[in-house]
Amino acid sequence: MKQKHNERGVQRQHFGGEKGRDGGGARCSWSLDHSQEAWRTPQDFLTAPSPAGSDKSAVAMATHIRAEDRFFWLVWQFGVTEASGTMLRTGMRLLALALCVSAGGDFDWTKNEKTSFYYGTFPTGFSWGVGSSAYQTEGAWNTDGKGMSIWDVFAHKKGKISSNETGDSSCEGYYKFKDDINLMKEMKLNHYRFSVSWPRILPSGLRSEHVNEKGIRYYSDLIDLLLDSKITPVVTLYHWDLPQVLQEKYGGWQNASMVGYFNEFANLCFERFGNRVKHWITFNNPWSISVEGYETGEHAPGLRMRGSGAYKAAHHIIKAHAKVWHTYDMKWRSKQKGLIGISLTADWGEPVDVSNQRDVEAAERYIHFYLGWFATPLFHGDYPAVMKEYIGTFTLCSGRKSGQQGLGASRLPVFSPQEKSYVRGTVDFLGLGHYTTRYVTQKNYPSGFGDSYFADRDLAELVDPKWPDPGSEWLYSVPWGFRRLLNFVKTQYGNPMIYVTENGVSEKMQCTDLCDDWRMQYFREYINELLKAVRDGVNVKGYTAWSLLDGFEWDEGFSERFGLYFVDFRNKNKPRFPKASVQFYKRIISSNGFPNQREVESWKRKAVETCSSSNQLLAADPLVGHMEMVTEIVVPTVCTLCILLSAVFFMFLLRRRL
Ligand code: BGC
């Protein structure tokens, strides 16, 4: 999951620089070749001029960051002063060194080697799928009676999205869903995760005002065709596209009334689709909705209410989830026999020094402020103790931020005893999204720092320069973190039923190489860690690769590609081209895991055999697009001219006759 901003809440800027790219035409690579880098010294980071509206972390991100310097960058973004820079640099050099030396050691979730590969298969019936979301892929933003969402409005504001791109047409999934289901059938998928756009079926957000039957029809047809194709629909109710009217009238998730409105919308979905849909996800990644929507403002609705907005939004989201679960439980469950879950996304946080208690606690805080913020109320009825302690008002120890800031009450809202029992136990299955890992160390923030979700945690995040980083700046490939996170969920929340609802990796827009060995490697290793977790006894029932198609990557626009299928956005028909990872994933699915070394080792080679022909097709695509444009524009124009000329000629003949 992306956690790319620094804790001052400064939005990341785009400087067109690339991280770890080769200079080749396709602009793709798996990891940094440090010997080839134009290295920058830490001093460059500390003295580089800040572009307007940015900060030094942003400058650092825009460059090819030298391995060791990444530590400096991350620490720098956590608010060090220039005066402390030199000391810090020396310290961090030692830390980087220590980390590299100790890389062979293992944290204690399991005794196994971090890097060993496990050959074996998943339990029978394990479900394999891919995912997407409405705003990222559907397009048709103002078609067939759809209302505006906060993302439609946000993306249309200048300066909010990379290159000012919008999801107006995106992959045109609204028109091409039949083609997309054919792609899924070819992959022999068991399930497809997609989201319903709330304003597509309730344009003003409210059922009492207007139900858009055309929107209902679209999702109904999609569900029917999936079922006809033997693909189970897994439906997310909220993947971030709140009806704009609800934002304008009530302030969106800042307002408690959203709980009732969301419940009405969910109830309508159960009523219309629930006879066929048995797996519901209320919210996708509420961490992102809260923090990026209401703390840093990088995402719609773009509000920067530091230190309070995110906590309030999260509070209402948790209550809204619980209300929908109760509605389903009371009204629909006995008839429809479905399950209600939520999809939480979290990184794993590993202590920098496992023998240092402060680092171990900092890493635990990292996860509790991420996953536990939502999971702990839903499984245990209240926020994690550590969040209540750190954000709260008790002032005798360090931490206790609200108290130190002279506030009478905690910035973290409080659940009443009734609310605690209402939210507890409202998860039939836990959806888990996971992409990456961070090293975590203790770092105190002075009370003068101001209100901030990030400062409340009292920690700093670091990355190992050796971690591969093919695409998004925040996404480092650290497969072993996945197994640890899964085991954490097992022990903390009583081994709930888990569906992995998102896992995948991106490459940059400029990368047009369909032979995506970095993605095959990522899937191979992450899915293998998942298999190990299943063997550890974690109750995982399914896996969803993110994502089916390249799509609109939120504030990154189309600059990052997560798809198994490449979408040629230059061509208005948005054709899809399989990347090699399609074949690779297909083999994992058909073998239900990794049967034996000989076979698994042949998969990559076989997948790569198919992608060179796809590369050729893609290379020819601008030409095809051009020819289509010619047929679409030139042919009708010539026909119209012919008709006009014939009419003129006919009139001329008539006049001569008269
Ligand atoms: C979001 C996806 C997004 C992915 C990668 C997830 O947390 O749910 O919509 O594509 O992150 O940024």
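The shown structure was predicted, so the numbers you read here are calculated from the model rather than taken from an experiment.

**So, helix α14 (residues 357–380)**
Phase 1 of the analysis: With 24 residues, α14 should cover 34 Å at 1.5 Å per step; its first-to-last C-alpha distance of 25 Å lies more than 12% under that length.
Phase 2 of the analysis: Extensive coverage of α14 is indicated by the burial of 19 of its 24 residues.
Phase 3 of the analysis: Taking the backbone nitrogen of R358 as reference, a side-chain oxygen 2.8 Å away marks N356 as the first, capping residue of α14.
Phase 4 of the analysis: G381 lies just past α14 and shows a positive phi near 95°.

**Some thoughts on the state of the cysteines**
Phase 1 of the analysis: Counted according to the given criterion, the structure contains one disulfide.
Phase 2 of the analysis: Disulfide pairing places C515 opposite C611 at an S-S distance of 2.1 Å. An S-S torsion of about 110° defines the bridge between C515 and C611 as right-handed. Remark: C611 occurs in helix α22 (residues 597–657) and C515 occurs in the loop between β12 (507–508) and α20 (517–536); sequence separation between them is 96 residues.

**Re the site of the ligand**
Phase 1 of the analysis: Neighbouring residues of the ligand: Q136, H239, W240, N284, N285, Y435, W474, E502, W546, E553, W554 and F562.
Phase 2 of the analysis: A distance of 2.9 Å is found between an oxygen atom of the ligand and a side-chain nitrogen or oxygen belonging to H239.
Phase 3 of the analysis: A distance of 2.7 Å is found between an oxygen atom of the ligand and a side-chain nitrogen or oxygen belonging to E502.
Phase 4 of the analysis: Relative to its unbound accessible surface of 310 Å², the ligand loses 99% to contact with the protein.
Phase 5 of the analysis: Class assignment for the residues of the shell around the ligand results in six nonpolar, four polar and two charged.

**Description of the pairing of strand β2 (residues 127–131)**
Phase 1 of the analysis: Taken across its five residues, β2 has five buried, putting it largely inside the fold.
Phase 2 of the analysis: By the alternation rule, side chains of β2 split into S127, G129 and G131 and W128 and V130, which are all buried.
Phase 3 of the analysis: Pairing geometry for β2 and strand β13 (residues 540–546), over five bridges, is parallel. The residue bridging W128 from the neighbouring strand is Y543, located in β13.
Phase 4 of the analysis: As paired elements, β2 and strand β3 (residues 191–195) share three bridges and run parallel to each other. Note that in β3 the partner of G129 across the bridge is H191.

**Things to note about the UniProt feature "active site" (unreviewed entry) in the protein chain**
Phase 1 of the analysis: Look at the UniProt record and you will see "active site" (unreviewed entry) annotated at E502.
Phase 2 of the analysis: Along the polypeptide, E502 turns up in strand β11 (residues 498–502).
Phase 3 of the analysis: For E502, a relative accessible area of 6% corresponds to the buried category.
Phase 4 of the analysis: Residues in contact with E502, not counting those within four places in the same chain, are R193, H239, N284, T345, L432, G433, H434, Y435, T544 and W546.
Phase 5 of the analysis: Here R193 takes part through its side chain, which lies 3.3 Å from a polar atom of the side chain of E502.

**Some remarks on the side chain of D464**
Phase 1 of the analysis: Mapped onto the elements, D464 comes out in the loop between β10 (459–462) and α19 (479–492).
Phase 2 of the analysis: It turns out D464 is buried and unbridged, and the closest side chain with the opposite charge, K466, is 4.6 Å from it.
Phase 3 of the analysis: Polar contacts involving the side chain of D464 include one to the main-chain amide nitrogen of K466, which spans 2.8 Å.

**Structural notes on the pattern of salt bridges**
Phase 1 of the analysis: All told, the structure shown has 27 salt bridges when counted by the stated rule.
Phase 2 of the analysis: The closest approach of N and O atoms between D428 and R333, which form a salt bridge, is 2.9 Å. Of the two residues, D428 is situated in the loop between α17 (417–423) and β8 (429–433) and R333 in helix α13 (residues 309–336); the sequence distance between them amounts to 95 residues. Taken individually, D428 and R333 each receive the classification buried, so the pair is uniform in this respect.
Phase 3 of the analysis: Its salt-bridge partner being D536, residue R483 comes within 2.8 Å of it at the nearest N-O pair. Taken together, the residues R483 in helix α19 and D536 in helix α20 connect sequence positions 53 residues apart.
Phase 4 of the analysis: R483 sits in the buried class, given a relative accessible area of 4%.

Rules of the game
Residues numbered from 1 in each chain as written. Predicted model: local features only at pLDDT ≥ 70, side-chain atom pairs only at ≥ 80, totals over all residues. Heavy atoms only, no water. Helix = DSSP H or I, 4+ residues; strand = E, 2+ residues; numbered from the N terminus. Expected span 1.5 Å × (residues − 1). Buried < 20%, exposed > 50% of the residue type's maximum accessible area, 1.4 Å probe, protein only. Polar contact = N/O pair within 3.5 Å; in protein donor to acceptor, adjacent residues only side chain to side chain. Disulfide = S-S within 2.5 Å. Near = heavy atom within 4 Å. Areas by Shrake-Rupley, 256 points an atom, 1.4 Å probe, with all protein chains shown as cover. Nonpolar A, V, L, I, M, F, W, Y, C, P; charged D, E, K, R; others polar. Pairing = 2+ DSSP bridges. UniProt positions renumbered as here; feature names shortened; annotations may be inferred. Contact = heavy atoms within 4.5 Å. Lys, Arg positive; Asp, Glu negative; His and termini not counted. Salt bridge = Lys/Arg side-chain N within 4 Å of Asp/Glu carboxyl O.

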